[in-house]
Amino acid sequence: YGGVQCSTDAGATWTFRAFGTVDSDHAYVRAIALHPDETDLILAGTDHDGLLRTRDGGRSWERIDAGLPTGAVHSLAVDAHTGVVYAGTPQGVFE
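Fair warning: this is a prediction, and the values are worked out from it, not measured in the lab.

K.L.:
How do you make sense of the overall build of the protein chain when you look at a structure like this?
P.N.:
A tally of regular secondary structure across the protein chain gives 0 helices and 9 strands. Here the C-alpha atoms of the protein chain give a radius of gyration of 13 Å, agreeing with the 12 Å that 2.2 N^0.38 yields for 95 residues. Dimensions of the protein chain along its principal axes, counting C-alpha atoms only, are 40 × 35 × 15 Å. With 95 residues in all, the protein chain has 38% of them scored as buried. Sequence separation of 24 or more characterises 31% of the internal contacts of the protein chain that already satisfy a separation of 6 or more. As displayed, the protein chain has an accessible area near 5,700 Å², and 50% of this comes from carbon and sulfur atoms. The averaged location of the 13 negative side-chain charges in the protein chain is 3 Å from the averaged location of its 6 positive side-chain charges.

Quick look at the structure:
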């Protein structure tokens, strides 16, 4: 917990990428979404650390959950045509 495993060789090897954010030791990943055009842009929905984003393939992470209820993000989707992100939380779906 507190990060994700990343592979750049179709799963032959894996590298742990820690979130490094506040309370990230308890940030269990519940959802992950990849941007359709930008391969280094990854979103992670967590139980306690909200919505996180990396723009460098997981080397660094930032919280981007302003406007979302605090806590859990259980599902994520990225519209391939518009880039709009949808986040599913216990309080509902947010755009």
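Moving on from the coordinates now.
K.L.:
Hey, could you run me through unusual backbone geometry in this one?
P.N.:
Most of the time, phi is negative for any residue but glycine, and the peptide bond is trans. Here the phi dihedral of A10 falls at roughly 60°; this positive angle occurs in a residue that is not glycine. Within the secondary structure layout, A10 lies in the loop between strand 1 (3–6) and strand 2 (15–18).

K.L.:
Looking at this model, I keep getting lost on the environment of P36. Mind explaining?
P.N.:
Mapping P36 onto the fold places it in the loop between strand 3 (29–34) and strand 4 (42–46). Sequence separation between P36 and I64 is 28 residues; the distance between their C-alpha atoms is 19 Å. P36 has contacts with V78 and A80, leaving out every residue within four places of it along the chain.

K.L.:
When you look at the nonpolar core in this model, what are you seeing that I'm missing?
P.N.:
Nonpolar side chains tend toward joint burial in soluble globular proteins. Of all hydrophobic cores here, the largest spans 9 residues; its members are A31, A33, L41, L43, L51, L68, V73, L76 and A87. Once you skip the residues sitting within four places of it in the chain, V73 turns out to touch R30, A31, G45, T46, G50, L51, L68, A87, G88 and T89. Membership of the second largest hydrophobic core comes to 8 residues, among which are V4, C6, I42 and A44.

K.L.:
How do you make sense of the sheet that holds strand 7 (residues 75–78) when you look at a structure like this?
P.N.:
One open sheet holds the 3 strands; their spatial order is 7-8-9, and the pairing between them is antiparallel. The open sheet has two edge strands with one neighbour each: strand 7 and strand 9 (92–94). Here the average twist between neighbouring strands, direction ignored, is 15°. Relative to strand 9, strand 8 (residues 85–89) is paired through 3 bridges, and the arrangement is antiparallel. Across the sheet, the residue bridging to T89 is G92, located in strand 9.

Definitions and cut-offs
- Residues numbered from 1 in each chain as written.
- Predicted model: local features only at pLDDT ≥ 70, side-chain atom pairs only at ≥ 80, totals over all residues.
- Heavy atoms only, no water.
- Helix = DSSP H or I, 4+ residues; strand = E, 2+ residues; numbered from the N terminus.
- Rg over C-alpha atoms; globule rule 2.2 N^0.38 Å.
- Buried < 20%, exposed > 50% of the residue type's maximum accessible area, 1.4 Å probe, protein only.
- Contact = heavy atoms within 4.5 Å.
- Areas by Shrake-Rupley, 256 points an atom, 1.4 Å probe, with all protein chains shown as cover.
- Lys, Arg positive; Asp, Glu negative; His and termini not counted.
- Charge placed at Lys NZ, Arg CZ, Asp CG, Glu CD.
- Core = buried A, V, L, I, M, F, W, Y, C linked by side-chain atoms within 4.5 Å.
- Pairing = 2+ DSSP bridges.
- Axes fitted to C-alpha atoms, helices over the stretch in contact; angles between N-to-C directions.

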